[in-house]
Amino acid sequence: MLTEYKNIFVVLLALIGGMSLVSCVDENDYEDTSSGNFEALWTVMDEHYCFFDEKKQELGVDWNEVHTRYASMVKGTDNEQLFEVLARMIGELKDGHVNLYSGFDMGRNWSWKEDYPSNFSEEIYDSYIGTDYRISAGMAYRILDDNIGYMRVASFGSEPGNGNLDEILYHFIACRSLIIDIRDNGGGLISAAEKLASRFINEDTMVGYMQHKTGKGHNDFSKREKQILKPSQNIRWQKPVFVLTNRGVFSAANEFTKYMKEAPLATIIGDKTGGGAGMPFSSELPNGWGVRFSACPMFDKDGKSTENGIEPDIYCPLTDEDHAKRIDSIIEKARSLTR
């Protein structure tokens, strides 16, 4: 665990890119009516969501204006109509960590990846990984024919053991460089991202900052706390490492990218990540629907928010020409930098 996280008032293990809800904020002062559920949702977001200033600047979202505009829409709605209105309301924030959960649907906004080129192809990936690759702790890996290690980390949904990572890195011991492909990794456990990144630094490394809400005002935050990544006490990689990214990199994978930006031998190649720099909290509406939202903002080492993504060191798209030839432009760019 990053040292500075230990003092945060809520114990959070994950930056979730999937469906799990972490930590709870309860709102019990509203009736189970269309208007009551609307007010409960708007208020819990108003008091605890952490990116209102960013969303106003970036998207022009005025949360008070949103209340005025949507309040009249919920009157006389049935369950499905109410869900649609509430999901549209929180969708105005275009935050992948903001979700509404009912028994029949999940309200979400995935424009952070859907509005951009994928820059990843499962079909082409299969031609690189082949069929005789190794699997350890959910990670697929093999040595490519030019003696470059390739490691596909599609999710941080579970934390690898130190033994798993030791075996993988030992397998690559004679390789000239290592490629870590996290494209389309939507997140998972922040501890998993941290554990992998710790294999690429040799000293305590300041990788960024985070805050948490201290009050109900939009700007009621704690002092920024440093995020310190500690080097692993096990096998550490001492050769060039290339991290492949696209817009599908979100949440804990976005944090991993931030950490690797500070690894001395790492280069980030591909497209800007999808972002997701707010640790999520959860709440429950009077009718039992769940809501998840960003409540603890995080920043890079220069104090810049990573909510809207992290730029690669080298921008490289998957070109149509290469795609037609079943060539992964981004993998090939990483390989070319080793030669």
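A brief structural summary.

Rules and cut-offs
- Residues numbered from 1 in each chain as written.
- Predicted model: local features only at pLDDT ≥ 70, side-chain atom pairs only at ≥ 80, totals over all residues.
- Heavy atoms only, no water.
- Helix = DSSP H or I, 4+ residues; strand = E, 2+ residues; numbered from the N terminus.
- Rg over C-alpha atoms; globule rule 2.2 N^0.38 Å.
- Buried < 20%, exposed > 50% of the residue type's maximum accessible area, 1.4 Å probe, protein only.
- Contact = heavy atoms within 4.5 Å.
- Lys, Arg positive; Asp, Glu negative; His and termini not counted.
- Charge placed at Lys NZ, Arg CZ, Asp CG, Glu CD.
- Pairing = 2+ DSSP bridges.
- Phe/Tyr/Trp six-rings, centres within 6.5 Å; stacked < 30°, edge-to-face > 60°.
- Disulfide = S-S within 2.5 Å.
- Salt bridge = Lys/Arg side-chain N within 4 Å of Asp/Glu carboxyl O.
- Axes fitted to C-alpha atoms, helices over the stretch in contact; angles between N-to-C directions.
- Parallel < 35°, antiparallel > 145°, perpendicular 65-115°, else oblique.
- Right-handed = clockwise from strand over helix to strand, strands pointing away.

Of the regular secondary structure elements, the chain holds 11 helices and 16 strands. In terms of overall dimensions, the chain is globule-like: its C-alpha atoms have a radius of gyration of 21 Å, near the 20 Å expected for 339 residues. Viewed in the frame of its principal axes, the chain has a C-alpha envelope of about 65 × 45 × 35 Å. Sorting the 339 residues of the chain into buried and exposed places 56% on the buried side. At a minimum sequence separation of 6, the contacts of the chain that also span at least 24 residues come to 75%. Each charge class in the chain can be summarised by its mean position, and for the 36 positive and 52 negative side chains these summaries are 7 Å apart.

Okay, the sheet that holds strand E6 (residues 139-143) next. An order of E5-E6-E7-E8-E12-E13-E16 is seen for the 7 strands of this open sheet, with the pairing classed as mixed. Strand pairing shows two members of the sheet lacking a second neighbour, strand E5 (134-136) and strand E16 (314-315), which therefore form its edges. Pairing geometry for E6 and strand E7 (residues 149-152), over 4 bridges, is antiparallel. Across the sheet, isoleucine 143 pairs through a bridge with glycine 149, a residue of E7.

Moving on, we get to the packing of aromatic side chains. A full pass over the atoms with the stated rule returns 12 aromatic pairs. Aromatic pair tyrosine 49 and phenylalanine 52: ring centres 5.0 Å apart, planes at 75 degrees, arrangement edge-to-face. For the pair tyrosine 49 and phenylalanine 52, one class covers both residues: buried. Seen from their ring centres, tyrosine 141 and phenylalanine 172 are 5.7 Å apart, and the 80 degrees between their planes marks the pair as edge-to-face. Here tyrosine 141 is found in strand E6, whereas its partner phenylalanine 172 is found in the loop between helix H7 (162-171) and strand E8 (178-181), with 31 residues between them in sequence. Residue tyrosine 141 shares its accessibility class with phenylalanine 172, and that shared class is buried. Among the aromatic residues, those joined into a cluster by ring pairs are Trp42, Tyr49, Phe51, Phe52 and Trp63.

So, on to the state of the cysteines. Applying the stated criterion across every chain yields a total of 0 disulfides. With no disulfide of its own, cysteine 50 has cysteine 296 as its nearest cysteine by sulfur position, at a separation of 6.9 Å. Take cysteine 50: its relative accessible area is 7%, and that puts it in the buried class.

On to the environment of leucine 100. As for its position among the elements, leucine 100 is in strand E3 (residues 99-101). Placed 58 residues apart in sequence, leucine 100 and serine 158 show a C-alpha to C-alpha distance of 24 Å. Other than its neighbours up to four places away in sequence, leucine 100 contacts Phe83, Leu86, Ala87, Ile90, Asp105, Met106, Gly107, Leu285, Trp289, Gly290 and Val291.

Helix H9 (residues 252-260) sits mainly inside the fold: 9 of its 9 residues count as buried. Considered for burial, the residues of H9 that qualify are Ala252, Ala253, Asn254, Glu255, Phe256, Thr257, Lys258, Tyr259 and Met260.

Turning next to the pattern of salt bridges. Scanning the model with the defined rule gives 19 salt bridges in all. Between aspartate 145 and arginine 335 there is a salt bridge whose closest N-O contact spans 2.7 Å. Of this pair, aspartate 145 sits in the loop between E6 and E7 while arginine 335 is found in helix H11 (residues 329-336), placing the two residues 190 residues apart along the sequence. The class for aspartate 145 is exposed, based on a relative accessible area of 75%. Close ionic contact of glutamate 321 with lysine 325 constitutes a salt bridge, the shortest N to O distance being 3.4 Å. Lysine 325 shares its class with glutamate 321; the two are exposed. Within this structure, Asp145, Asp146, Glu332 and Arg335 form a network of salt bridges that share partners.

Further remarks concern the packing of helix H1 (residues 34-48) against helix H3 (residues 63-71). Packed helix pairs are characterised by how far apart their axes lie and by the angle those axes make with each other. In the contact formed by H1 and H3, the axes pass within 11 Å of each other and the chain directions differ by 175 degrees. Taken together, H1 and H3 sit at an angle that is classed as roughly antiparallel. Where H1 approaches H3, its residues Phe38, Glu39, Trp42, Met45 and Asp46 are matched on the opposing element by Trp63, Asn64, His67, Tyr70 and Ala71.

Moving on, we get to the pairing of E7. Because side chains alternate across E7, one face comprises the buried residues Gly149 and Met151, and the other comprises Tyr150 and Arg152, equally buried. What sits between the antiparallel neighbours E6 and E7 is a turn of 5 residues, in which asparagine 147 has the positive phi angle 65 degrees. Across 4 bridges, the pairing between E7 and E8 is parallel. The partner of glycine 149 across the bridge, within E8, is leucine 178. At this point the chain moves from E7, through H7, to the parallel E8, and the crossover so formed is right-handed.

Quick look at unusual backbone geometry now. Phi is positive for lysine 94, which is not a glycine, with a value near 50 degrees. Mapped onto the elements, lysine 94 comes out in the loop between helix H4 (79-91) and E3. Residue lysine 94 is classed as partly exposed on the basis of its relative accessible area, which comes to 43%. You will see that serine 251, though not glycine, has its phi angle at about 60 degrees, which is positive. In this structure, serine 251 sits in the loop between strand E12 (241-245) and H9.

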